[in-house]
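Coordinates in review
One-letter residues, chain by chain:
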Amino acid sequence: MKKGAIRESLTGFSVNHPKLVIAIVLLITVGFMTQFPKMRTDTDPKNMLPATSDVRVWNDKVEKTFGLYKDTIVLGIVNGRGILNTGTLGRIRNITDAILRMKGVAARDVSSFTTIDNVSVDGGMLKVGPLMTDVPKTDAGMSALRRDLFANPLFINRIISKDGKTAAIYVPLEEGANGKQVADRIREIVKKEDGGEKYYIAGDPVARDTFGAEMFKLMGVFSPIAGMVMLVVAFLMFRSLFLSFSIMVPAMVIIIWSLGFIIGLGYPIHIMSSMSPVFLMAIATDSIHIFNEFYFRYRERQDKNAAILDTMKAVGVPLIYTDVATAVGFGSLMLANIIPVRVFGLGVGFGTLALLLMSFTLVPAILTFVNTEKLRRVSEREDAGSGRTGRLLRGLAGLGARKPKAVVAFGLILFAFAVAGTSRIVVNNNLIEWFKYHSGIRTADRVLNRSLGGTSLGYMVGIANEDDFIKTPEAMRYIEGLQRYLERLPVVGKTTSVADYVKRINLVLHNDDPKFDTIPDSKETIGQYLFLFSMSAKPSDLDNMVDYPFRRANIWVQLKTWDAQAMRDVIRAAGEYKKAHPIAMEFKPAGIAYFNLVWNDDVLWDMLKGFIAALVIVFIILAFNFRSFKWALIGYVPLLFTILLIYGVVGFMKKDFDMPISVLSTLSLGMAIDFAIHFVSRFKRRLAEVAGEGNPEKEQIVDSLLWTAARPGKGIMRNAVLFASAFSVMLFAPLTPYITVGAFIVSMMMLSSLLTIIYLPALITLLRGWLFKGGPK
């Protein structure tokens, strides 16, 4: 059976047996809903990469080697009059004691005034003990604490700011602890402390888990709101509540099918997957072309079932190719290495193909239930020639068709603008900036980065080829020199290493003589110092810095920004220092900052790889649909122009090209091609009807373009407006990725539709001699 016959038989069966079709769809939908209780969520960005990826394997190895924690929360305490007073110190003690008793906290390694080790001398012997065993009661005691704090470079910009107005408590988390939940409990603790201090909670686990919680809250709130907005907009378009609900039904069905499909395959719902309901709801607006044409057909035929069949004959082929093109666009994301990107592409691609099936079954079945009298009244307003919308669209298309050179010239100016803007794009991701500027998380990060060493942590791991090499003065001085070199970078706030401990021990054992604030000249002396320190300090103090064969050393690098580019600067600087100062050690980056860099590069490379693949496949689909390489090129123009203009705006706004924006590439590909396929397919069909065989006259081409803009073009504009309305709700989200996606898709939909209505007629008219063999008469 030919494809056209299959399509028509599906539609015919649905028109003749609408209740059965609806019952079958309902049954399948219930089947997918049975998977929902199995839903799992995963908001950890680390799981975006496979567990076998090089960066995860390496980070796990580093954490195991140096006894590091995957997640640490930073609690900042700010007092404009200074931290060193009995009231503030007492509150720091109370808060620390409460944190130590919290579930999920690695209490043995919490760093605070009362828990962090201070290296000093007592009776000529090395002493390692808590910095503050109790709150000083006298001026002399407070002065001694001040001296211990600011004389030790290990403390400055870590637990105390240089100006003495900000202190920090570092709270490492046990494996599996939820950062948001721990942070919320800490907030409850600090509320009980009555003082003039301000408290700020920052760190990757707080941002990550808070984003995850907000993300799923938004999924539950914004999806219904988006549906309601679409319902209202559809009602304003068609003035029929029944038809408005009919447009929403396929959207609800494909969302349930898609989520049930993903959950049934065993995948958790990731950050990107949480956006899929709104994406699918918007994609489902493609069925509006059926409703748009149905009104025109009913006005002409005055027979509901015949109008349905005629409608599907007219829009069926474009619908197939547009939905397949959109599915291919999202399906290309399955080429990615990033697991959530693959799952997102799979889910939305599956939902789009489900929509295609609904277009030939469920939608025709629903249309059979439309009240004939209401349909007659509404359809009377659908006149491509006399209606206000039709006249407007004919005018826009006429601008392109009758002044093609001027329109194309203006487009070339925009093209130059877009290229200039695109050249300014900076590829970067920053999880903290996914929150609004004045949000609690972003404010806390900004305050602590300004006062202390930084809330983002990376490591530079030195690896030698022989045991005890780290104990050599050569290695220690190299590590110290590398630290100072890294600290020159604006993004680096503080570095810490085993060399800092060795220098501190050497200094205090020589009565704080500044001459001895250096690395000793003897490997044996360094070895003795480290042995003495390990006997007195907490195990983690030295474990975090070196391994016990002393082949590896770990430099902690605190960064003042979560920009992925910051760690790239650190890696580049370490390479520069190694080139200028060769040594028999290799330095490799690690830590959450390094993970974010690799993740950033992998995500964007995956998006680019998938996008290029989709471009090629979609072009093949266009050429196959139009049966013409030339028409495929023409149909490609709105797609490429839309994407380029979006990127140009991104560049001029000096906004980082991050993951949310990269997703828009795939979406714009699908939707711009959607409009082009509908426009070109219907134009060629209309031209064949009026011109017959042979080469068309110029006026026949122009008239057909104006008809296409006024009739199918109305469906394109309705599609764009309805699509944009679904995403407009994201503009009110508390998370910037949602705002970004919403803002760009609203503008992208309107831009794509306008380019289709204005620019395609201009190109077709200007290139008619090339497009129509022999040219018009």
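Coordinates for the structure precede this section.
Values in this document were obtained by computation on a predicted structure and should not be read as measured data. Sequence order as written defines the numbering, with residues in each chain counted from 1. A pLDDT threshold of at least 70 governs which residues receive local features in this predicted model, and a stricter bar of 80 or more applies before side-chain atom pairs are shown or counted, although totals over entire chains, interfaces and linings include all residues. To obtain the side-chain values, all non-hydrogen atoms of the structure were used and water was disregarded.

Below, the discussion takes up the packing of helix α7 (residues 204-238) against helix α9 (residues 276-283). Angles shown run from 0 to 180 degrees and are taken between the N-to-C directions of axes, each axis being a line fitted to C-alpha atoms and, for helices, limited to the stretch in contact. Put simply, DSSP marks the helices as runs of H or I at least four residues long and the strands as runs of E at least two long, and each gets a number from the N terminus on. Packing of α7 against α9 brings their axes to within 9 Å, and their N-to-C directions diverge by 15 degrees. Considered as vectors, α7 and α9 are oriented roughly parallel to each other. For the crossing formed where α7 meets α9, the hand is right-handed. Residues Met219, Ser223, Ala226, Gly227 and Met230 of α7 touch α9, and the partners they reach there are Pro277, Val278 and Met281. Angular relationships are summarised with four words: roughly parallel below 35 degrees, roughly antiparallel beyond 145, roughly perpendicular across 65 to 115, and oblique for the angles in between. The crossing is said to be left-handed when, going from far helix to near helix, the turn is anticlockwise and less than a right angle, and right-handed when the turn is clockwise. When checking whether two residues touch, look at their non-hydrogen atoms; a contact exists if any pair is within 4.5 Å.

With that settled, consider helix α18 (residues 473-486). In this model, α18 (14 residues) spans 20 Å end to end at C-alpha, consistent with the 20 Å of a helix rising 1.5 Å per residue. The cut-offs for exposure are 20% and 50% of the maximum accessible area for each residue type, with area from a 1.4 Å probe on protein chains only; residues under the lower value are buried, those over the upper are exposed, and the others partly exposed. Judged by how many residues are buried, α18 sits mostly within the fold: 10 of 14 residues are covered. Turning to α18, its buried residues number three or more, namely Pro473, Ala475, Met476, Tyr478, Ile479, Glu480, Gly481, Leu482, Gln483 and Leu486. Here the expected span of a helix is defined as 1.5 Å times the quantity of residues minus one.

This brings us to the packing of aromatic side chains. Note on aromatic contacts: the rings of Phe and Tyr and the six-membered ring of Trp form a pair at centre separations within 6.5 Å, being stacked when their planes are under 30 degrees apart, edge-to-face when over 60 apart, and tilted otherwise. Tallied over the full model, the rule gives 25 aromatic pairs. Both rings, one in Phe211 and one in Phe435, keep their centres 6.1 Å apart while their planes meet at 80 degrees; by these two values the pair is edge-to-face. Here Phe211, found in helix α7, pairs with Phe435, found in the loop between α16 (404-422) and α17 (440-451); they are 224 residues apart in sequence, far enough to count as distant. Under the relative-accessibility criterion, Phe435 is labelled buried at 4%. Note on Tyr501 and Phe533: the rings are 4.8 Å apart at their centroids and 40 degrees apart in plane angle, and the pair reads as tilted. Linking Tyr501 in helix α19 (residues 498-508) with Phe533 in helix α20 (residues 523-536), this pair joins segments that are 32 residues apart in sequence.

Attention now moves to the packing of α7 against helix α8 (residues 241-264). Relative orientation and spacing of two packed helices are given, respectively, by the angle between their axes and the distance between those axes. At their nearest, the axes of α7 and α8 sit 8 Å apart, and the two run at 135 degrees to each other. The angle between the axes of α7 and α8 places the two elements in the oblique class. Relative to α8, the crossing made by α7 is right-handed. The segment α7 lies against α8, with Gly227, Met230, Leu231, Ala234, Phe235 and Phe238 engaging Leu241, Ser244, Phe245, Ile247 and Met248.

Looking now at the pattern of salt bridges. One side-chain nitrogen of Lys or Arg within 4 Å of one carboxyl oxygen of Asp or Glu is enough to make a salt bridge. As enumerated under the stated definition, the model contains 24 salt bridges in all. Measuring nitrogen to oxygen at the nearest pair gives 2.5 Å for the salt bridge that ties Arg551 to Asp467. One end of the pair, Arg551, is in the loop between α21 (539-543) and β8 (552-559); the other, Asp467, is in the loop between β6 (456-464) and α18, and 84 residues separate them in sequence. Linking Asp601 and Arg568 is a salt bridge whose minimum nitrogen-to-oxygen distance equals 2.8 Å.

Further remarks concern the nonpolar core. By size, the foremost hydrophobic cluster in this structure holds 259 residues, and its most contacted members are Leu89, Ile99, Phe113, Ile186 and Ile764. Broken down by element, the residue count for this core peaks at 16 residues, all from helix α23 (residues 592-626). Each residue touching Ile186, except ones within four places of it in the same chain, is listed here: Ile73, Leu75, Ile99, Met102, Val171 and Ile201. In this text, buried Ala, Val, Leu, Ile, Met, Phe, Trp, Tyr and Cys residues form a nonpolar core when linked through side-chain atoms within 4.5 Å.

The next point concerns the environment of Ala336. Considering the arrangement of structural elements, one finds Ala336 in the loop between α11 (304-331) and α12 (339-360). The class for Ala336 is buried, based on a relative accessible area of 3%. Placed 268 residues apart in sequence, Ala336 and Leu604 show a C-alpha to C-alpha distance of 9.6 Å. Once residues lying within four places of it in the same chain are set aside, the contact partners of Ala336 are Val341, Arg342 and Asp606.

So, on to the environment of Val649. As for its position among the elements, Val649 is in helix α24 (residues 629-652). Exposure remark for Val649: the relative accessible area of 34% places this residue in the partly exposed category. Each C-alpha atom of the pair Val649 and Thr422 lies 7.6 Å from the other, and the pair is 227 residues apart in sequence.

Here the focus is the sheet that holds β8. When DSSP finds at least two bridges between two strands, those strands are taken to pair. Judged by pairing direction, the sheet is antiparallel, and its four strands sit side by side in the order β7-β8-β6-β9 without closing on themselves. Unpaired on one side and paired on the other, β7 (492-496) and β9 (585-590) mark the two borders of the sheet. Adjacent strand axes in the sheet meet at a mean angle of 25 degrees, parallel and antiparallel pairs treated alike. Pairing between β6 and β8: eight bridges, direction antiparallel. Within the sheet, the bridge partner assigned to Met460 lies in β8 and is Ile555.

On their own, these measurements won't tell you what the molecule is for.
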